[in-house]
Amino acid sequence: MDGGEMTGALDIGPVVVWAAGLSTLISLGTTIFAWLTSGSRKNDERLDRLVARVDELERLVQTHGDKIDQLPNQEMMHRLELSLVRMEGHIDRMDERLRPVAAIAERMQELMLEQAKEGRK
């Protein structure tokens, strides 16, 4: 056993056993990792779909919010009611003012009918 002389064949048996064991452990670890993370991948897909749905819902909420903002508020409705009350008052006054005109028109019609009857005789 002095410098450089080999006294026998190298025994690689223990190295092969360790390599086979390490390979088995790596394979087992990979299988366990894949099994544990398969649910995670499914959850990622579900989360992606849910994020897309949430984005769509946010867009719809924004759209409907804009439409709601354009609807009349309580103050506008109150002003509308006041305007309608004023219009009713104006219509009532016009009705009072038009009654004599309607009566005149009715008397004129009666007079014209009488004249037409007299003209036929």
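Just so it is clear, the model here is predicted, and its values are computed rather than measured.

Enquirer: What is the right way to read the overall build of the protein from this model?
Expert: From N to C terminus, the protein includes two helices and zero strands. Its C-alpha atoms give the protein a radius of gyration of 50 Å, more than 25% over the compact-globule value 14 Å for 121 residues. Seen through its principal axes, the protein has C-alpha atoms that stretch 160 × 40 × 25 Å. The buried share among the 121 residues of the protein stands at 1%. For the protein, the accessible area works out to roughly 11,800 Å², and carbon and sulfur atoms hold 63% of it. When the 16 positive and 21 negative side-chain charges of the protein are each reduced to one mean point, those points stand 16 Å apart.

Enquirer: What is the right way to read the pattern of salt bridges from this model?
Expert: Where charged atoms from two side chains of opposite charge come close, those side chains can pair. Here the structure, examined in full by the defined rule, presents three salt bridges. E56 is paired through a salt bridge with R59; the nearest N and O atoms lie 2.6 Å apart. One end of the pair, E56, and the other, R59, are both in helix α1 (residues 13-70), three residues apart, so they sit about a helical turn from each other. Linking R79 and E75 is a salt bridge whose minimum nitrogen-to-oxygen distance equals 3.7 Å. Of this pair, R79 and E75 both sit in helix α2 (residues 74-120), four residues apart, which is roughly one turn of that helix. Since its relative accessible area comes to 46%, R79 is described here as partly exposed.

The rules behind these values
Residues numbered from 1 in each chain as written. Predicted model: local features only at pLDDT ≥ 70, side-chain atom pairs only at ≥ 80, totals over all residues. Heavy atoms only, no water. Helix = DSSP H or I, 4+ residues; strand = E, 2+ residues; numbered from the N terminus. Rg over C-alpha atoms; globule rule 2.2 N^0.38 Å. Buried < 20%, exposed > 50% of the residue type's maximum accessible area, 1.4 Å probe, protein only. Areas by Shrake-Rupley, 256 points an atom, 1.4 Å probe, with all protein chains shown as cover. Lys, Arg positive; Asp, Glu negative; His and termini not counted. Charge placed at Lys NZ, Arg CZ, Asp CG, Glu CD. Salt bridge = Lys/Arg side-chain N within 4 Å of Asp/Glu carboxyl O.

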